[in-house]
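Architecture at a glance
Here are the chains, one letter per residue:
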Amino acid sequence: MLIRFGFEIMVDCPAPVPMLLALSTHTEFNGRLIGADYVRTTSMTPIAVYVDQYGNRISRAIADTGRTTFWSDCVAEVSGVPDIFPTFAIQHRIEDLPSDTLDFLGASRYCDSDSLGNFAWANFGNTQEGWPRVQAICDFVHNHVTFGYKFGRPDKTARDVLEEKSGVCRDFAHLGVSLCRAMNIPARYASGYLGDIGVPDSGFDDFCAWFEVFLGGSWHTVDARYNVPRIGRILMVRGSDASDVAMITSFGSYQLSSFRVWTTQLEDGTSDQQVHAMLETLPPPRPGGPDFGLAVPGAVHLF
């Protein structure tokens, strides 16, 4: 399956603003890429790239005075297989966990699992360990939280999501991560592209957050917002929570004037030559979608 994916972000700055952009595919993304998956810019300053501790590719950029556009456009070849639910994956004892999973057991900035322990054990302590327990947590989050862009805010923790019963996709992920960690299951935040493939068209495309749990010796995808196997995830970033993987970290004020994302399945049989010709121009905007126009102060994260 071929999926065209990318974004176009326009910012207006009163003065040059250094930025860190977590907007590239992850170093462990296992699909074949056709074209160039890197952040491009109208800025006069070249973009440099480094890989952080989680394997995320981060672009160092400077937005010029006035308007700067950042964009990326690429095609990924993926299996087309829906998410796999590891029904029989076991939960490891703490002493048996690999050392590199232990950092994903404790509380973090938005995943305040240390304050959710009593709630988690009271509600999920009698569930079967392993995947059934994770699925029970995912079912709860999916049914408990109402999705809406109007419910998103940058300081919202997992406990806030639990109490307010609303949020955006990152909030579903934060609450799921926190409840899993409270039950001694390593869990980490993830985000990327997820188009409307195999499901009704929502009318616009956006980035999507989900989470991953360590069971049965490997990491597995969990999506509390949709709570069904989905097709065509393109992983961009992983971290302890959204604070590790902000799409834009700025060190100065700017106005976000335009933000659009595309994730489109291409027709079967599309050749690499046709793909390269297609990528010579960006796809046209689709109508609808949330309003992302807002003023952003300095040194902040935009998720």
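Just so it is clear, the structure is predicted and the values come from calculations on it, not from any experiment.

Let us now look at the side chain of glutamate 8. Turning to its location among the elements, glutamate 8 is positioned in strand 1 (residues 2–13). At a separation of 2.9 Å, a polar atom in the side chain of glutamate 8 contacts the side chain of arginine 260.

The positions that UniProt labels "domain: Transglutaminase-like" (unreviewed entry) are, in the present scheme, residues 161–226. Along residues 161–226 the backbone is 27% helical and 35% strand, and the end-to-end C-alpha distance reaches 16 Å.

Let's shift gears to the pairing of strand 11 (residues 207–215). The element strand 11 is largely enclosed, with a buried count of 9 among its 9 residues. Because side chains alternate across strand 11, one face comprises the buried residues Phe207, Ala209, Phe211, Val213 and Leu215, and the other comprises Cys208, Trp210, Glu212 and Phe214, equally buried. With 5 bridges connecting them, strand 11 and strand 12 (residues 218–222) associate as antiparallel partners. By the bridge assignment for strand 12, leucine 215 is matched with serine 218. Counting the residues between successive antiparallel strands, the hairpin from strand 11 to strand 12 contains 2 residues, one of them, glycine 216, with a positive phi of roughly 60°.

Before going further, it helps to spend a moment on the packing of aromatic side chains. In this structure the tally under the stated criterion is 13 aromatic pairs. Look at phenylalanine 104 and tryptophan 219: their rings are 5.6 Å apart centre to centre, the planes differ by 85°, and that puts the pair in the edge-to-face class. Of this pair, phenylalanine 104 sits in the loop between strand 7 (66–77) and helix 1 (117–124) while tryptophan 219 sits in strand 12, and the two are 115 residues apart along the sequence. Geometrically, the ring pair formed by tyrosine 193 and phenylalanine 207 is edge-to-face, given 5.0 Å between the ring centres and 65° between the ring planes. Here tyrosine 193, found in strand 10 (residues 187–193), pairs with phenylalanine 207, found in strand 11; they are 14 residues apart in sequence, far enough to count as distant. Residue tyrosine 193 shares its accessibility class with phenylalanine 207, and that shared class is buried. Each residue in the set Phe5, Phe7, Tyr193, Phe207 and Phe259 is aromatic and connected to the rest through ring pairs, giving one cluster.

For the rest of this paragraph, the subject is the sheet that holds strand 12. Spatially, 4 strands are ordered 12-11-10-13 in an open sheet, and the strand pairing comes out antiparallel. Two strands bound the open sheet, and with one partner strand each, they are strand 12 and strand 13 (234–239). Strand-to-strand twist across the sheet, computed as the mean angle between neighbouring axes with direction ignored, equals 35°. When strand 10 meets strand 11, the two strands line up antiparallel, connected through 7 bridges. Residue pairing for strand 11: alanine 187 is matched across the bridge by valine 213.

The residue lysine 165 is not glycine, and still its phi comes out positive at about 60°. If you trace the backbone, lysine 165 turns up in the loop between helix 3 (158–164) and strand 9 (166–167). Overall, the relative accessible area of 45% leaves lysine 165 in the partly exposed class. Phi is positive for asparagine 227, which is not a glycine, with a value near 60°. Here asparagine 227 shows up in the loop between strand 12 and strand 13.

What counts and how
- Residues numbered from 1 in each chain as written.
- Predicted model: local features only at pLDDT ≥ 70, side-chain atom pairs only at ≥ 80, totals over all residues.
- Heavy atoms only, no water.
- Helix = DSSP H or I, 4+ residues; strand = E, 2+ residues; numbered from the N terminus.
- Polar contact = N/O pair within 3.5 Å; in protein donor to acceptor, adjacent residues only side chain to side chain.
- UniProt positions renumbered as here; feature names shortened; annotations may be inferred.
- Buried < 20%, exposed > 50% of the residue type's maximum accessible area, 1.4 Å probe, protein only.
- Pairing = 2+ DSSP bridges.
- Phe/Tyr/Trp six-rings, centres within 6.5 Å; stacked < 30°, edge-to-face > 60°.
- Axes fitted to C-alpha atoms, helices over the stretch in contact; angles between N-to-C directions.

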